[in-house]
Amino acid sequence: MLADLLGIPPQLLFGQLLLGLISGAFYAVLSLGLAVIFGMLNIVNFAHGALYMLGAFASYFLLKILGINYWGALILAPIIVGAAGIVIERFLLRRLAGVDHLYGLLLTFGLALVIEGLFVKFFGASGLPYPTPEALKGGVNLGFMFVPWYRAWVVVAAVIVCVFTWWLFERTKVGAYLRAGTENPTLLQAFGVNVPLLTTLAYGYGVALAGLAGVLAAPITQVAPLMGSNLIITVFAVVVIGGMGSIMGAAVTGLAMGMIEGLTKVFWPEASATVIFVIMAIVLVIRPAGLFGRTA
Amino acid sequence: MSRVSNEVIRLTDLHAFYGESHVLHGIDLDVHEGELVTLLGRNGAGRTTTLRAIVGLIGHRTGSIMIKGEETIKSPPHTIAHLGLGYCPEERGIFASLNVEENLMLPPQVGSKGMSVEEIYEMFPNLAERRKSQGTRLSGGEQQMLALARILRTGADILLLDEITEGLAPVIVDRLGEVLAELKARGFTVVLVEQNFHFARAIADRHFIIDQGHLAAVIAADEVEAKADVFDDFLSV
């Protein structure tokens, strides 16, 4: 109704909202991983986009070489990427514990460039196709718009991942350790908790989420070495808006920013690429800790 | 030599460093099972650092720290607590992102004889009432109770308590005194860093006086009157 009043066809409005929701799903899952990592390691993980890409490539190779389909990849690719993350944390990031944040940022940024560079060298910058799983082909016509099943699934999957991660952090013993470790890791360790192991697992989980987002993206965007490098900048803006290290903030802000981006495409298409950064700037001025962040 | 056999903490020539600064200059002391000892001294004398060194929170330390006969000077911090150590830091260390119950349940079990949650809520009824509150919303006294309760649940039988009466109302300090007396009666070994000498004097078996990173004197409870001048020398500001 409102859409009619504003002279905008509902197909356009809802179509863009759905597209926005799908972008938002990726923002949410990726910024969730960044929030987990920032909380426990105090590192801004610039390798996140490259690890997302790794998740997509892992599903591609699982299919091409081992014949493992999308659903298998959905389980295996995050495990593979998580394992890669554990190696990175154990042998590289751990050496930076206790030094300025900036070093972690530089190291992960360098890692991203190296990983992406290697993939460009071996697979070229253009994308490799990944088929939509058979069960999710086609879609449903809602009358005012057509919703492809696969895109609906992406949104559902993202919501499941967000709810699961929230439950893990807020309702379990491991979650209590992670929250306590974010606040005061030395005291937690003095109580007898193996904080170095917890830190490794937190990084592994955070990058596994990036890997999972990569699998979800593969049928939509094609599998390309630089698929994460553009996305990750927006995701960092989302994390800043939500509040560094806030699990709830990352999930809610991710979905909301996707929708806002979609809406902007309807009303002022030229601004859609920058709207999230404008919001980030405003949030930084008014609430530097982010919408859901705790002011320390 | 029966004293040696029930020795639960023995520090030998313990040195500790914060970066470039050398804070402990060779501390030697021993604490026996079931004993309640205090570490007294002026601010900055090295009492807190001694506790932190025992639980492994000081990265750079040398000498020997034996806990129940086991050398821990090179142990990773998270393994030390499992020898039965419970640590209550000076700033209390209540986690803001955890509620009271989560704070209480946080530290892992380190011994088999921990108090049950029911017993703890009986000892500290305020905590039971506020179990779903955010940890740092409690009053100072309640936070102190929580910091203490949290390590009683783990089964730790050696308690390292740093300035637990600091900044608390007299009625709460009295309550903490009763709790400590009860813990002592239950056989806990307690090392208390304390500023409030009157509080410490009423319950301690021995006092270790630390001055400028050295152990300056050891005074047993029955010598306190006779050696009052030692306290004046090292504790008066």
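Residues numbered from 1 in each chain as written. Chains lettered and ligands numbered in written order. Predicted model: local features only at pLDDT ≥ 70, side-chain atom pairs only at ≥ 80, totals over all residues. Heavy atoms only, no water.

K.L.:
Sorry if this is basic, but what is going on with the side chain of Arg-61 of chain B here?
P.N.:
Residues and elements named next belong to chain B. Among the secondary structure elements, Arg-61 is positioned in strand S4 (residues 60-67). No salt bridge is formed by the buried Arg-61; the nearest opposite charge belongs to Glu-71, separated by 7.2 Å. Here the side chain of Arg-61 touches Ala-53 through a polar contact of 2.9 Å, landing on its backbone oxygen. Within the structure, the side chain of Arg-61 is placed 3.2 Å from the backbone oxygen of Ile-73, a separation counted as a polar contact. Beyond its immediate chain neighbours, meaning those up to four positions away, Arg-61 contacts Leu-14, His-15, Ala-16, Ala-53, Gly-56, Thr-72, Ile-73, Ser-75 and Ile-80. (Helix = DSSP H or I, 4+ residues; strand = E, 2+ residues; numbered from the N terminus. Buried < 20%, exposed > 50% of the residue type's maximum accessible area, 1.4 Å probe, protein only. Lys, Arg positive; Asp, Glu negative; His and termini not counted. Salt bridge = Lys/Arg side-chain N within 4 Å of Asp/Glu carboxyl O. Polar contact = N/O pair within 3.5 Å; in protein donor to acceptor, adjacent residues only side chain to side chain. Contact = heavy atoms within 4.5 Å.)

K.L.:
Sorry if this is basic, but what is going on with a nonpolar patch on the surface here?
P.N.:
Residues and elements named next belong to chain A. A surface patch of nonpolar side chains, amounting to about 650 Å² of accessible area, comprises Phe-164, Trp-166, Trp-167, Met-248, Val-252, Leu-291 and Phe-292. The set of elements that each furnish at least two residues to the nonpolar patch consists of helix H6 (149-171) and helix H11 (247-267). Mapped onto the elements of the fold, Met-248 is located in helix H11. When its relative accessible area of 43% is taken as the criterion, Met-248 is described as partly exposed. (Patch = residues over 30% accessible without salt bridge, like charges linked within 9 Å, V, L, I, M, F, W, Y side chains within 5 Å. Areas by Shrake-Rupley, 256 points an atom, 1.4 Å probe, with all protein chains shown as cover.)

K.L.:
How should the environment of Gly-98 of chain A be read in this particular structure?
P.N.:
In this fold, Gly-98 of chain A is placed in the loop between helix H4 (70-91) and helix H5 (101-123). Judged by relative accessible area, Gly-98 of chain A falls into the exposed class, the value being 82%.

K.L.:
I keep staring at the interface of chain A and chain B and nothing clicks. Help me out?
P.N.:
In many reports, interface size means the accessible area that the parts give up when they come together. On the side of chain B, 21 residues touch chain A, which itself brings 20 residues to the contact. Summed over both sides, the interface between chain A and chain B buries roughly 1700 Å², with carbon and sulfur atoms accounting for 62% of that surface. At the boundary of chain A with chain B, the tally comes to 1 salt bridge. For Arg-179 of chain A, the salt bridge identified is with Glu-102 of chain B, shortest N-O distance 2.8 Å. Linking chain A to chain B there are 8 residue pairs in polar contact (both at pLDDT 80 or more). Among the elements that make up the side of chain A that touches chain B, the one with the highest residue count is helix H7 (residues 173-183) of chain A (6 residues). (Buried area = accessible area lost by both parts, 1.4 Å probe.)

K.L.:
What is the right way to look at the layout of surface pockets in this model?
P.N.:
Over the atoms rolls a probe the size of a water molecule, and its path tells where empty space is left. All names here are of chain A. As a volume, the second largest pocket reaches approximately 450 Å³. In terms of lining residues, the second largest pocket is bounded by 21 residues, among which Met-40, Leu-41, Ala-97, Gly-98 and Thr-199 are the most central. Taken together, the elements giving at least two residues each to the lining of the second largest pocket come down to helix H2 (10-41), H5, H7 and helix H9 (195-221). (1 Å grid on protein atoms, 1.4 Å probe; cavity = no way out; pocket = protein on both sides within 12 Å on 5 of 7 lines; lining within 4 Å. Points joined across faces, edges and corners; volume = space filled by probe spheres on them.)

K.L.:
When you look at unusual backbone geometry in this model, what are you seeing that I'm missing?
P.N.:
Backbone geometry follows two general trends: most residues other than glycine have a negative phi, and most peptide bonds adopt the trans configuration. Residue and element names in this part refer to chain B. The phi dihedral of Glu-163 is positive, around 50°, even though this residue is not glycine. For Glu-163, the location among the structural elements is in the loop between strand S7 (158-162) and helix H8 (170-185). Residues other than glycine seldom take positive phi values, yet Gln-212 does so here, at roughly 50°. Structurally, Gln-212 is set in the loop between strand S9 (206-211) and strand S10 (214-220).

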